[in-house]
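The chain contents come next:
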Amino acid sequence: MDSKQFREAAISSIDEIVNYYNTIEGRRVASNVEPGYLRKLLPAEAPQNGEAWADIEKDVKDKILPGITHWQSPNFLAWFPSSSSYPAMLGEMYSTAFTGAAFNWICSPAVTELETIVLDWLAKAFNLPECYLSTGPTNGGGVIHGTASEAIATVLVAARDKYLREVTAQITDEETREDEVAMHRTKLVAIGSAAAHSATKKAAQIAGVRFRTVPVHAKDGWAMTGAEVRRTILELRAKGLVPFFLTVTLGTTDTCATDDMMGIADVLKELAPPPGNPGEVWVHVDAAYAGAALICPEYQHLTQTFDNFHSFNTNLHKWLLVNFDCSTLFVRNRKHLTDALSVTLPILRNQHTDSGLVTDYRDWQIPFGRRFRSLKVWFVVRTYGVEGLRAHIRKHIGLAVTFADLMKERPDLFQIITGPRFALTVFNVVQEGKTAQELNVLTEKVYNTVIQEGRIFLSSTVVGGIFCIRHNPATPFVEEHHVRKHFEILTEAAERVRTAA
């Protein structure tokens, strides 16, 4: 494909993408193809000769689109959103045009420097403490990772290596030190809320340490409390184990609960050294979805305890109009990342890195190479502005309130279990005279009915033994009339299933 053919193909592709977005509301939200559908449609071997772009583009429409679930549809309400916007798409286009591994500053200085700048912009916009700025007092800063799971795995590895390095600092013999590191590592435990995302457990598996959960309860709104953290830490220590890492959550996966940050910070002041000291418990704030709301001043009180913690992440690709993948990670001391992850080979040496005056983000992450993801962030922030992004978040929060108000008008049919929190409402279906187990069966039947019909797509969960349906109207194109239609669809299904029961 030469430049002329590329221009023609690009124009045609953009027209197709625009049409896709213009017609997305009318498409069935979730793909209903059968597993293995695509193998039946594509050849068993790669083509020996190149094919015309028109044929490839036709296959996108005829063979790929049927297997796509439309996450940008205003009727996609499942899990959490995966945002998209035209400025972010343009950023991806430029990024792929400028493609390079970007592991060192010298690979493309703009790739590194723009990332540092836009992450400082965001840290300020989110009201993060100064310790998370690249120019802050604690040698902090931000970096873009692919996902929250990658970010959590990275900081957990850094926390593990920091603890092991400190506990064996006085040992000078290398073999003895390695033996001591191996012994201490068997005692390390990462902990997180029973309601937290599985990312911390997976990170613990990757890092070769244990994982334990902290119980959460309905009376606390399914948030992790300081009292439960204290009890868990003391129980683990009584067994000779060492809790060294804790994930606290701003917006849990099931219910968007926010853990008791102040209570947890107070407990850690009592049980562990303060941040920056040997033997401390590394605290990571996972705000993968709800962290986007921190751009609104009415939520910024939630950051007041963050200077007691060590790292924070939020996914711009969930709720802040930056296309997947784009997870921002902020740390209060970047040296802990580089101590754990830096690898210097002769081939990588250059005068700029050796001077210590530049950032090499390869040392802030597990992968070696990296993409120019900050470009799409820059495009989005400049196109919408902070006020435009605030309006985007507030719109969805308002739509969730509308949905919850509609639910409250039908207490004979629905019960709100939690919310609305950060545009998420969790509910079940009720019917007088039914046992808790019967209500679970009823709610699941209603959920399955709605999913099979395909007009809207939601996710379900179990909270405290209650089968629940989650409604999260946070995709870019959802409006109030869509939310009212969602409620109508749910009401019709619930009444139909209850009548048939």
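Rules used throughout
- Within any chain, residue numbers begin from 1 and follow the written order of that chain's sequence.
- This being a predicted model, a pLDDT of at least 70 is required before a residue's local features are given, and a value of 80 or more before pairs of side-chain atoms are given or counted; all residues contribute to the totals for chains, interfaces and linings.
- Working from all heavy atoms in the structure, the side-chain values ignore hydrogens and water.
- In this analysis, axes come from line fits to C-alpha atoms, helices being fitted only over the stretch in contact, and the angle between any two N-to-C directions falls in the range 0 to 180 degrees.
- Segments assigned H or I by DSSP are reported as helices when at least four residues long, segments assigned E as strands when at least two residues long, and all are numbered from the N terminus.
- Orientation categories follow fixed angle ranges, with anything under 35 degrees roughly parallel, anything over 145 roughly antiparallel, 65 to 115 roughly perpendicular, and all other angles oblique.
- Whether a crossing is left-handed or right-handed is set by the direction in which the near helix is turned from the far one by less than a right angle, anticlockwise for left-handed and clockwise for right-handed.
- Contacts are assigned to residue pairs with any non-hydrogen atoms lying within 4.5 Å of each other.
- Gly falls in the polar group here, along with every residue not listed as nonpolar (Ala, Val, Leu, Ile, Met, Phe, Trp, Tyr, Cys, Pro) or charged (Asp, Glu, Lys, Arg).
- To define a nonpolar core, start from buried Ala, Val, Leu, Ile, Met, Phe, Trp, Tyr and Cys residues and group those joined through side-chain atoms within 4.5 Å.
- Note on exposure labels: buried denotes an accessible area under 20% of the residue type's maximum, exposed denotes more than 50%, and partly exposed covers the range between, all computed with a 1.4 Å probe on protein chains only.
- Pairing between strands is defined by DSSP: at least two bridges between them are needed.
- Candidate patch residues must exceed 30% relative accessible area and have no salt bridge, after which like charges are joined if within 9 Å and Val, Leu, Ile, Met, Phe, Trp or Tyr side chains if within 5 Å.
- For every accessible area listed, the method is Shrake-Rupley and the probe measures 1.4 Å; residues are considered covered only by the protein chains on display.
- The salt bridge criterion pairs a side-chain nitrogen of Lys or Arg with a carboxyl oxygen of Asp or Glu, the two atoms within 4 Å.
- The sign given to each residue is positive for Lys and Arg and negative for Asp and Glu; His and the chain ends receive no count.
- Lysine's charge is taken at NZ, arginine's at CZ, aspartate's at CG and glutamate's at CD.
- Counted as a polar contact is a pair of N or O atoms within 3.5 Å, where, for protein atoms, one must be capable of donating a hydrogen and the other of accepting one, and residues adjacent in sequence contribute only when both atoms are in side chains.
- Classification of ring pairs rests on two measures: the distance between centres of Phe, Tyr or Trp rings, Trp counted by its six-membered ring, which must be within 6.5 Å, and the angle between planes, read as stacked under 30 degrees, edge-to-face over 60 and tilted in between.
- Charge over a ring is defined by NZ of Lys or CZ of Arg lying within 6 Å of the ring centre and within 35 degrees of the ring normal.

Q: Is there a simple way to explain the packing of helix H6 (residues 148–167) against helix H8 (residues 199–207) in this structure?
A: For any two helices packed against each other, the geometry is given by the interaxial angle and the distance between the axes. Closest axis-to-axis distance for the H6/H8 pair is 9 Å, and the angle between their directions is 50°. Considering their axes alone, H6 and H8 lie oblique with respect to each other. Along this stretch, H6 crosses H8, giving a crossing that reads as right-handed. Within the contact between the two elements, H6 uses Ser149, Ile152, Ala153, Leu156, Val157 and Arg160 and H8 uses Ala199, Thr200, Ala203, Ala204, Ile206 and Ala207. Among the residues forming the contact of H6 with H8, the class breakdown is nine nonpolar, two polar and one charged.

Q: So what exactly am I meant to see when it comes to the nonpolar core here?
A: In a soluble, globular protein the nonpolar side chains are often hidden away together inside. Leu246, Leu250, Phe306, Trp319 and Phe422 are the most contacted members of the largest nonpolar core, which totals 78 residues. It is helix H14 (residues 374–408) that provides the largest number of residues to this core, a total of nine residues. When residues no more than four places from it in sequence are discounted, the contact partners of Phe422 are Leu250, Cys256, Thr258, Tyr289, Ala290, Ala293, Tyr299, Leu302, Trp319 and Asn472. Among the nonpolar cores identified, the runner-up in size contains 30 residues, and Val155, Leu188, Ala190 and Ala203 belong to it.

Q: Would you mind showing me how to read the environment of Pro278 here?
A: Relative to the helices and strands, Pro278 is located in the loop between helix H10 (261–271) and strand E5 (282–286). The exposure class assigned to Pro278 is exposed, which follows from its relative accessible area of 54%. Between the C-alpha atoms of Pro278 and Met1, which are 277 residues apart in sequence, the distance is 58 Å.

Q: For this particular structure, what's the right way to read the packing of H6 against helix H7 (residues 174–185)?
A: Orientation of H6 relative to H7, taken along the N-to-C sense of each, is 130°, at an axis distance of 10 Å. Judged on the interaxial angle alone, H7 and H6 are oblique. In this structure, the crossing between H6 and H7 has a hand that is right-handed. Taking contact as the criterion, the partners of Arg160, Leu164, Arg165 and Val167 in H6 are, on H7, Arg177, Val181, His184 and Arg185. Split by residue class, the contact of H6 with H7 holds three nonpolar, one polar and four charged.

Q: In this structure, what is going on with the sheet that holds strand E1 (residues 141–145)? I would like to understand it.
A: Hydrogen bonds along the backbone pair up the strands of a sheet, which may run parallel or antiparallel. An order of E1-E7-E6-E5-E4-E2-E3 is seen for the seven strands of this open sheet, with the pairing classed as mixed. Of all the strands in the sheet, just E1 and strand E3 (210–214) have a single pairing partner and so form its edges. On average, each strand axis in the sheet is tilted by 20° relative to the strand beside it, whichever way the strands run. In this structure, strand E6 (residues 311–315) lies alongside strand E7 (residues 327–331), joined through five bridges in antiparallel fashion.

Q: What is the right way to read a positive patch on the surface from this model?
A: Taken together, Lys187, Arg210, Arg212 and Lys239 make up a surface patch of like positive charges. Mapped onto the elements of the fold, Arg210 is located in strand E3.

Q: Whenever I open this one, the pattern of salt bridges confuses me. Can you help?
A: Any two side chains of opposite charge can pair, given that their charged atoms come close. For the coordinates displayed, the defined rule picks out 30 salt bridges. Residue Lys162 is joined to Glu280 by a salt bridge in which the shortest nitrogen-to-oxygen separation is 2.4 Å. In this pair, Lys162 is assigned in helix H6 and Glu280 in the loop between H10 and E5, connecting sequence segments 118 residues apart. Residue Lys162 shares its accessibility class with Glu280, and that shared class is buried.

Q: Sorry, what's going on with the sheet that holds strand E11 (residues 466–471) here?
A: Pairing within the open sheet is antiparallel, and its four strands lie in the order E8-E9-E11-E10. Taken across any chain shown, the strands that pair with only one partner, and hence form the sheet edges, are strand E8 (414–421) and strand E10 (459–463). Going across the sheet, the axis of each strand differs from the next one's by a mean of 30°, ignoring polarity. Strand direction decides the pairing type here: E10 and E11, joined by five bridges, are antiparallel. Paired with Val462 across the two strands is Phe467, which belongs to E11. Running at roughly 160° to E8, H14 makes contact with E8, strand E9 (424–429) and E11 of the sheet. Contacting E8, E9 and E11, helix H16 (residues 480–500) runs over the sheet at an angle of about 155° to E8.

Q: Would you mind going over the side chain of Ser82 with me for this structure?
A: Within the element layout of this structure, Ser82 appears in the loop between helix H3 (53–64) and helix H4 (86–97). Here Ser82 is in contact with Trp71, Gln72, His317, Lys318 and Phe324, once residues within four sequence places are set aside.

Q: Can you help me understand a negative patch on the surface in this one?
A: On the surface, a cluster of negative charge is made up of Asp173, Glu174, Glu175, Glu178 and Asp179. Its location among the elements puts Glu174 in helix H7.

Q: Quick question: what am I supposed to make of the side chain of Asp363 here?
A: Within the secondary structure layout, Asp363 lies in the loop between helix H13 (351–355) and H14. Exposure remark for Asp363: the relative accessible area of 9% places this residue in the buried category. A polar contact of 3.5 Å, which involves the side chain of Asp363, links it to the side chain of Ser342. The contact partners of Asp363, leaving out residues within four places of it in the chain, are Leu337, Thr338, Leu341, Ser342 and Val343.

Q: Any chance you could explain the packing of aromatic side chains here in plain terms?
A: Note on aromatic pairs: each is described by the distance of the centres and the angle between the planes. All chains considered together, the criterion is met by 24 aromatic pairs. Between Phe80 and Tyr289 the ring centres are 4.1 Å apart and the planes differ by 10°, which places this aromatic pair in the stacked class. In this pair, Phe80 is assigned in the loop between H3 and H4 and Tyr289 in the loop between E5 and E6, connecting sequence segments 209 residues apart. Grouping residues by exposure puts Phe80 and Tyr289 together as buried. When the centroid spacing of 5.9 Å and the interplanar angle of 40° are considered together, the rings of Tyr94 and Phe98 count as tilted. Taken together, the ring pairs in this structure connect Tyr20, Tyr21, Tyr86 and Phe477 into an aromatic cluster. The ring of Trp378 carries Arg382 above its face, with NZ or CZ at 4.8 Å from the centroid. Geometry around Phe80 places Arg470 over its ring, the cationic atom sitting 4.9 Å from the centre.

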